[in-house]
Structures are given as C-alpha cells and as structure tokens.
Number of protein chains: 2
Amino acid sequence: MRARYKPWAAELIEAHPGIVIPEPEKLKGRWQEEFGNANPLHIEAGSGKGRFITGMAQANPDINYIGIELFDSVIITALQTVLETEGGIPNLRLLRVNAQEMESFFEKNEVDRMYLNFSDPWPKTRHAKRRLTHESFLSLYETVLPKNGEIHFKTDNRGLFEYSLTSISDYGMLLKDVSLDLHANEPEWNIMTEYEEKFMKKGQPIYRMEAQYNS
Amino acid sequence: MRARYKPWAAELIEAHPGIVIPEPEKLKGRWQEEFGNANPLHIEAGSGKGRFITGMAQANPDINYIGIELFDSVIITALQTVLETEGGIPNLRLLRVNAQEMESFFEKNEVDRMYLNFSDPWPKTRHAKRRLTHESFLSLYETVLPKNGEIHFKTDNRGLFEYSLTSISDYGMLLKDVSLDLHANEPEWNIMTEYEEKFMKKGQPIYRMEAQYNS
C-alpha cells in the first residue's frame, strides 16, 4: 500500500527504535528476549497502516505481534497509533522491511502464525508469482513457521482467493476454515483492516481462510 | 428435489426401461456393454429434472452419462426431455434409485467423474452428515471412481460450499479449480441446471469446484 510521500516519516521512525526495529536481523532467534516473555508470536506480512495488527495486539495482550511493511509512508500510521495509545502497545513491534526477506529476521519455529490481509491481487497470469499465496511464498513462510503452522488470509479479491484456494491445496496444505462472506456472520474476534471496512461498506463480500501446513 | 405427485409418472417410467433402467444392479460392471462403447462414464448424483445431465449428454456425445434421482416426480422430466429429443439421447441413462447405494450399481473404476449440483445444503450442524460432501459420501464416491478421480460440484449455497472446501481438503483431496462466481466469467462449456438459472437471474453467485482424489 502506498500513500503520499511523507518526508518527516523517516525521522519519526528513527526516533522510535523500540517500536520500529532498526536492525531486525540482530534479533533473529531472540524475539522472546526482545518482548521479555515466551508468548506466541504472530506476524503480518504487509501490515499497511497497521489497523489490523495494532487492533489484534490490543485485543490479545498475551500474544506478541510483529507487523511487516516496506513503505515509510504507511508504516508511519501504525507507529502513530502506538504513540497515541496510552501506555503504548508493549506486545507489538514493527519492521520496515520487505517481508520476502523474513528468513533474515526469524528462525524456523520462531513465528507461530502468519497473517496475510488484502495483499496485492496481481490479476495478470504472468504476475502469478508475485501473489503472496504463490507456492514460492508458501515455501518461504514455512521456513519460519512450526510444523502444522497456520496462515490466516483475508481478501476482498475474488480472483486472488480462488487462486489461493487451489495454490494452498496444491501445496499440500489443509483448509481448516473458509468464509466466503465474513461479514454475513462476523466472528466477534474479527479485527477489520482499512480495506476491509471500505469494501464491506460497499457490500462486497470479504473472503477468509485458515490454512495449515501439513508437515 | 420434490415436485407435485404425478400418478402417471411411474407408468411412463416403466414404459421406457431402455432409458430409466429398471434393475441397474444387473448392469454393475457392464455399463460399457449397455452403452455399446468404451467411452468414459460420468454420473450425476441427484440429477433432479435432468437439465444438466441431458444438456451434458447432448453436448458431449463421446461421453456416457448416467443421472441418478430418487423421485419419480422429477426424474420424469428428464425422461420427457429424452423422449422429446429427435433420435433420443443414446449416451444417457437414468437411474431411479438412491445415490447412496451407488456401490450396488457401479464397480470400482467404472465411473470416471462424479457431478454434484445444487445438492441439499442441510444447514443445521446436526445434519452435516447428510451433506453430499461429508466425508462418508466422499468415501462412497471413491468406491466407484478411479485413482485421481474427480468430483465437479456446483451450488448457490455459501454455507454448503464453505463446508465442502474444508471437508474435501480434510479428506486429503486436491482442489483443482475453484470459482466463487461462475457467471461472472462463465466458461463456454458450462451447462446450467434449473436452480442455477434461477439463482443466477437473482444475481446470486454460483460456486463451483473441481476436486480430485489423491489416491
């Protein structure tokens, strides 16, 4: 997700190294130490403005969260949410890096769950490899997740969801739960992303799945 | 699917034993002989008024089709379609039996593909065992299909489709193709059922999947 160029964003990010971690590769294998507890770690690849990951962190204080987002101009909004929250959000960290490099930041088994929300649909067939549920990415996530680790994935994009169902099945993963209209029967634990609210208000269905690695 | 009671239906069915096979258990293992060729055999469990299976048989003369439907009052419409077709539909037979007993009518490997269209959603959790994509049915279909045999399934019912995706995944089957709005991009080979046309005209999405046994 891109937003307007914000020249002051980099400065604000640098001023808060306890929230937006400047050299996350140094914490590879040491995230429990960083959080100061042995709670599970859930990460979101492409956390955008951070509404989902900040909401999840506040709703679930016994889980540690990391939001990964490449662009200063959007991660800055997540940082501002933390700064505006009284007491901060102690169980949340942000990484301003490319999620494709997650192997550099996490050991195998160090991440307990992966969230993917409203990732770029890349609708052209020749761009299928860029979809975050392409087998190359499923293989990447497996390098940091435990045996039987889970991916929780939401999107408004029908084509991406159709593709993801077959890609995940073809990878040998198990579909644990599927919703083809999340807001027809919204679970109480659901935290909406910015996109989700926008598309829900337009009356478009939101698709969601929980998929589990088979080994 | 039930329809009005039609006292004349049983009589018309009995008058056409070459179309609605009276004792299909006698043809178990001998369907190629019955059709007089070695073409693939595709069957539909719950063929209702037969619009899908008669349409498929007419569109694909090199495939043999069998429609299975329990109720006289609806299978009669399929029979009438055959009778009204000039030259009949030589590659189609109808069975007025319960599809749950298909093991009595087909040998293992005798059926090449199974169609399920708009089957009863049985929305209550306590009725999940009656859904035609429940594991007990997936296990039944496997007794007549070959290794890597396929089920092609369409429905307008979101809950049934969500359930079916997880049930089929849990059974170890592979999702080959999924459409979450078949008519947004209708394939030229699609043959509509009666229900499908009705729901499509209401603007409701039709869900479709092709699923393959893994062994």
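- As recorded in an unreviewed UniProt entry, chain A goes by the name tRNA (guanine-N(7)-)-methyltransferase, listed as coming from Metaplanococcus flavidus.
- Database annotation for chain A, UniProt heading Pathway (unreviewed entry): "tRNA modification; N(7)-methylguanine-tRNA biosynthesis."
- According to the UniProt record, the Catalytic activity (unreviewed entry) comment for chain A is "guanosine(46) in tRNA + S-adenosyl-L-methionine = N(7)-methylguanosine(46) in tRNA + S-adenosyl-L-homocysteine".

Thoughts on the packing of aromatic side chains
Move 1: One pass over the structure, following the stated rule, counts 18 aromatic pairs over all chains.
Move 2: An angle of 20° between the planes, with centres 5.3 Å apart, marks the rings of Phe161(A) and Tyr207(A) as stacked. One end of the pair, Phe161(A), is in helix H6 (residues 158-170); the other, Tyr207(A), is in strand S7 (residues 207-212), with 46 residues separating them in the sequence.
Move 3: Overall, the relative accessible area of 0% leaves Phe161(A) in the buried class.
Move 4: Relative to Phe106(B), the ring of Trp31(B) has its centre 5.8 Å away and its plane inclined at 35°; by these criteria the two rings are tilted.

Considering the environment of Lys28(A)
Residue and element names in this part refer to chain A.
Move 1: Tracing the backbone shows Lys28 in the loop between helix H1 (9-14) and helix H2 (31-35).
Move 2: For Lys28, a relative accessible area of 33% corresponds to the partly exposed category.
Move 3: Separated by 78 residues in the primary sequence, Lys28 and Phe106 place their C-alpha atoms 4.8 Å from one another.
Move 4: At 2.9 Å, the side chain of Lys28 and the backbone oxygen of Glu103 are in polar contact.

Details of helix H4 (residues 72-84) of chain A
Each α-helix turn comprises 3.6 residues. Residues three or four places apart therefore point the same way.
Residue and element names in this part refer to chain A.
Move 1: Taking 1.5 Å of rise per residue, the 13 residues of H4 would be expected to cover 18 Å, and the 18 Å separating its terminal C-alpha atoms lies within 8% of that figure.
Move 2: Ser73, Val74, Ile75, Ile76, Ala78, Leu79 and Val82 are the residues of H4 that are buried.
Move 3: The secondary structure elements touched by the buried residues of H4 are H1, helix H3 (51-59) and strand S3 (92-95).

Points about helix H5 (residues 135-142) of chain A
Move 1: Buried residues of H5(A): Phe137(A), Leu138(A), Leu140(A), Tyr141(A) and Glu142(A), and no others.
Move 2: Where the residues of H5(A) are buried, they touch strand S4 (113-117), strand S5 (150-155) and H6 of chain A.

With respect to the relation of the copies chain A and chain B
Move 1: Taken as rigid bodies, chain A and chain B are interconverted by a rotation of 180° and an axial shift of 0.0 Å, the fit giving an RMSD of 0.0 Å. In short, the pair behaves as if placed about a two-fold rotation axis. Closest to the rotation axis within chain A is the C-alpha of Ser169(A), separated from it by 3.6 Å.
Move 2: Both copies share a contact surface, since 100% of the interface residues of chain A are interface residues in chain B too.

Some words on the nonpolar core
Where a protein is soluble and globular, its nonpolar side chains tend to be buried together.
Move 1: Counting 77 residues, the largest nonpolar core has Phe106(A), Tyr141(A), Phe106(B) and Tyr141(B) as its most contacted members.
Move 2: When near neighbours in sequence (up to four residues on either side) are disregarded, Tyr141(A) contacts Met102(A), Met114(A), Leu116(A), Leu132(A), Ile151(A) and Tyr213(A).

So, the side chain of Glu210(B)
All names here are of chain B.
Move 1: Looking at the secondary structure, you find Glu210 in strand S7 (residues 207-212).
Move 2: Overall, Glu210 belongs to the buried group, its relative accessible area being 15%.
Move 3: In terms of polar contacts, Glu210 uses its side chain to reach the side chain of Arg208, at 2.8 Å.

Here's the deal with the sheet that holds strand S2 (residues 64-68) of chain A
Residues and elements named next belong to chain A.
Move 1: Taken in spatial order, the 7 strands line up as S3-S2-S1-S4-S5-S7-S6 in an open sheet, and their pairing is mixed. Edge positions in the sheet fall to S3 and strand S6 (174-179), since each has one partner strand and no second. For this sheet the average axis-to-axis angle between neighbouring strands, irrespective of direction, equals 15°.
Move 2: Where strand S1 (residues 41-45) lies against S4, 3 bridges are found, and the strand directions are parallel. Note on S4: the bridge partner recorded for His42 is Arg113.
Move 3: Those strands touched by H6 are S5, S6 and S7, and its axis lies near 15° from that of S7.

How each quantity is defined
Residues numbered from 1 in each chain as written. Chains lettered and ligands numbered in written order. Predicted model: local features only at pLDDT ≥ 70, side-chain atom pairs only at ≥ 80, totals over all residues. Heavy atoms only, no water. UniProt positions renumbered as here; feature names shortened; annotations may be inferred. Phe/Tyr/Trp six-rings, centres within 6.5 Å; stacked < 30°, edge-to-face > 60°. Helix = DSSP H or I, 4+ residues; strand = E, 2+ residues; numbered from the N terminus. Buried < 20%, exposed > 50% of the residue type's maximum accessible area, 1.4 Å probe, protein only. Polar contact = N/O pair within 3.5 Å; in protein donor to acceptor, adjacent residues only side chain to side chain. Expected span 1.5 Å × (residues − 1). Contact = heavy atoms within 4.5 Å. Least-squares fit on C-alpha atoms with pLDDT ≥ 70 in both. Core = buried A, V, L, I, M, F, W, Y, C linked by side-chain atoms within 4.5 Å. Pairing = 2+ DSSP bridges. Axes fitted to C-alpha atoms, helices over the stretch in contact; angles between N-to-C directions.

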